[in-house]
Amino acid sequence: MYEILKTLADAQGGVVMRSQAVEVGYHPDDIDRLLKRGEWVSLRRGAYVERDRLDAMDDVQKHRARIHAVVRSLRVPAVVSHISAAVMHGLPEWGLDLDNVHVSRTDLHSPRTEAGVHHHAGEIMDTDVVQIDGLRVMSLPRAIIDTARIADFEAGVCVADAAIALDPTVQSAALARLNEMRDWQGSRNAGAVIEFADGRSESVGESRLRVLFRNHLLPKPELQVEFRRPSGLFVARSDFYFREQRTIGEFDGK
């Protein structure tokens, strides 16, 4: 019984629902005792995680668990979106506010935030949605658009760079989808982020340094340039190369 529930939790960000626990054989009184003893923790009404597992989670893993708790307990259809979609896709969380879980719904006339959940209103096309861990989640193009609409430029670039590194077609797909959302709030910032994004950035540090160059009006560097001897022997590869200035740049360190 426990192993079945553990397998479910492993596939759901560590979360099990009360209905799932009852279905595999837990009596409601057993669940209440586990909660009272502190062995299980309630993330949301009817959504639980083991205390030891929760204590071992970092902030991103906790946010992922809360996503599962929220979506699996909502009584209306919702798609994981914005920053929460970025988390579900495994994109960098640097500079992102993980306090609220973000979902998008088509049944709302205006957005609202309640009980730690930001409910966004807006059109959702079938092509916007993918399945991750049994949840409906915004696709990579839509995730980087929506994240860039609400995050600052630097954080948005870190997310977009990583997404394009995973799939180079994401950039053109995001620009095409954004053209259909150009009147949406934050779309201008999203457009600037996606046009600036470059999947050749290999870390959050490199993405942030590119933004720093931009902010200080430095020339746009070439990325990941290889240097070879006249014989063709490989010598080195630079993170950034300012060709006219014959200068290379590297990002190192934590």
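So, a few notes on the structure that sits alongside this text. (Residues numbered from 1 in each chain as written. Predicted model: local features only at pLDDT ≥ 70, side-chain atom pairs only at ≥ 80, totals over all residues. Heavy atoms only, no water.)

## Description of the environment of E23
Logical step 1: Mapped onto the secondary structure, E23 falls in helix α2 (residues 18–23).
Logical step 2: The class for E23 is exposed, based on a relative accessible area of 70%.
Logical step 3: Along the chain, E23 and H216 lie 193 residues apart, while their C-alpha atoms are 59 Å from each other. (Helix = DSSP H or I, 4+ residues; strand = E, 2+ residues; numbered from the N terminus. Buried < 20%, exposed > 50% of the residue type's maximum accessible area, 1.4 Å probe, protein only.)

## Describing helix α7 (residues 140–150)
Logical step 1: Among the 11 residues in α7, 10 count as buried, and that is most of the element.
Logical step 2: Of the positions making up α7, those classed as buried are L140, P141, R142, A143, I144, I145, D146, T147, A148 and R149.
Logical step 3: Buried residues along α7 sit in contact with α6 (82–88), β9 (135–138), α8 (153–166), α9 (170–179) and α10 (187–196). (Contact = heavy atoms within 4.5 Å.)

## Some thoughts on the packing of α9 against α10
The description of two packed helices rests on the angle between their axes and on the distance between the axes.
Logical step 1: The geometry of α9 relative to α10 is characterised by a closest axis approach of 10 Å and an angle of 160° between their N-to-C directions. Comparing their axes, α10 and α9 come out roughly antiparallel. For α9 against α10, the interelement crossing comes out left-handed. Residues Q171, A174, L175 and L178 of α9 lie in contact with α10, whose contacting residues are S187, A190, G191, I194 and E195. (Axes fitted to C-alpha atoms, helices over the stretch in contact; angles between N-to-C directions. Parallel < 35°, antiparallel > 145°, perpendicular 65-115°, else oblique. Left-handed = near helix turned anticlockwise from the far one by under 90°.)

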